[in-house]
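# Topology and contacts: notes
One letter stands for each residue in the lines below.
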Amino acid sequence: ALDDYEEGTFTPSYTQGTSSATYSIQTGRYTKVGRRVHFDIELDGNSITGNTSHLYIGGLPFTSTSSTPTSGCFLTYTGGVASTTHVTGVIFNGQTYFGVYKYSDGGSVAGNTMSLNGGWRWAGFYDV
């Protein structure tokens, strides 16, 4: 069952929803068993300017499967990333990034609706 097992690191970043971004922490770790990838991310922004685009976080270590269902991720810690909106993440099919969505109604979250100059941690899983 563990013939296809791998652990590693990757570098996550905001790939959409920001006009500029510098980070003090930008770490990602993953474990891949068969087709399933489990990951955790920590991003801590120094100087981030959000824009009106949907906020995406990318750099996932493998391209997700193009078949449904999409997989997801959840916020495990927020320290300085401010918003009155509770958020969750959806990993897009056939991609290496996820979109940030409102937990309450599934609407997309624009980068300029949050104060991104702080840290947050995400964890999730997806199939490849």
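Residues numbered from 1 in each chain as written. Predicted model: local features only at pLDDT ≥ 70, side-chain atom pairs only at ≥ 80, totals over all residues. Heavy atoms only, no water.

### Let's talk about the confidence of the model for the chain
Put simply, the rule reads: What pLDDT expresses is the predictor's confidence in each residue, scored from 0 to 100. Under the scheme used here, helices are H or I runs from DSSP no shorter than 4 residues and strands are E runs no shorter than 2 residues, and both carry numbers assigned from the N terminus.
In the predicted model, the chain carries a mean pLDDT of 90, and the fraction of residues at 70 or more is 95%. Here strand 6 (residues 71-79) stands out as the least confident element of the chain, with mean pLDDT 85; strand 1 (residues 5-10) is the most confident, with 97.

### Some words on the pattern of salt bridges
Rules: Salt bridge criterion: a side-chain nitrogen from Lys or Arg within 4 Å of a carboxyl oxygen from Asp or Glu. Relative accessibility thresholds used throughout: buried, under 20% of the residue-type maximum; exposed, over 50%; partly exposed, between the two (1.4 Å probe, protein chains only).
Within this structure, the stated rule accounts for four salt bridges. Between Arg36 and Asp127 there is a salt bridge, with the nearest N and O atoms lying 2.6 Å from each other. Here Asp127 lies in strand 9 (residues 119-127) and Arg36 lies in strand 4 (residues 36-50), a separation of 91 residues in the sequence. The partner of Arg121 in a salt bridge is Glu42, and the shortest N-O contact between them spans 3.3 Å. Taken as a pair, Arg121 in strand 9 and Glu42 in strand 4 lie far apart in primary sequence, 79 residues in all. On the basis of relative accessibility, which here comes to 36%, the residue Arg121 falls in the partly exposed class.

### Let's talk about the packing of aromatic side chains
Our working definition: Geometry of aromatic contacts follows a simple scheme: Phe, Tyr and Trp rings, the Trp one being its six-membered ring, pair when their centres are within 6.5 Å, and the pair is stacked under 30 degrees between planes, edge-to-face over 60, tilted otherwise. Only when the NZ of Lys or the CZ of Arg is both within 6 Å of the ring centre and within 35 degrees of the ring normal is a charge said to sit over the ring.
Evaluation of the coordinates by the stated rule reveals eleven aromatic pairs. Here the aromatic rings of Phe10 and Tyr30 are separated by 6.4 Å at their centres, their planes lie at 45°, and the arrangement is tilted. Highlighted residues: Phe10 in strand 1 and Tyr30 in strand 3 (residues 18-33), separated in sequence by 20 residues. The same class applies to Phe10 and to Tyr30, which are both buried. Every member of this aromatic cluster is reached through a ring pair, and the members are Phe39, Phe98, Trp120, Trp122 and Tyr126. The cationic tip of Lys32 hangs over the ring face of Phe62; the distance from NZ or CZ to the ring centre is 5.7 Å. Above the face of the Tyr77 ring, Arg121 is positioned so that its terminal group lies 4.8 Å from the ring centre.

### Focus: the environment of Asn51
Let me state the cut-off plainly: The contact criterion used is simple: two residues touch if any of their non-hydrogen atoms lie within 4.5 Å. Pairs of N or O atoms within 3.5 Å make up the polar contacts considered here, provided that, within protein, one atom can donate a hydrogen while the other can accept it, and that residues adjacent in sequence are counted only when both atoms are side-chain atoms.
Among the secondary structure elements, Asn51 is positioned in the loop between strand 4 and strand 5 (56-58). Sequence spacing of Asn51 and Met114 is 63 residues, and the spatial spacing of their C-alpha atoms is 9.8 Å. In this structure, Asn51 is in contact with Gly17, Thr18, Ser19, Ala110, Gly111 and Asn112, ignoring residues within four places of it in sequence. Only 2.9 Å separates the side chain of Asn51 from the backbone nitrogen of Ser53, close enough to count as a polar contact.

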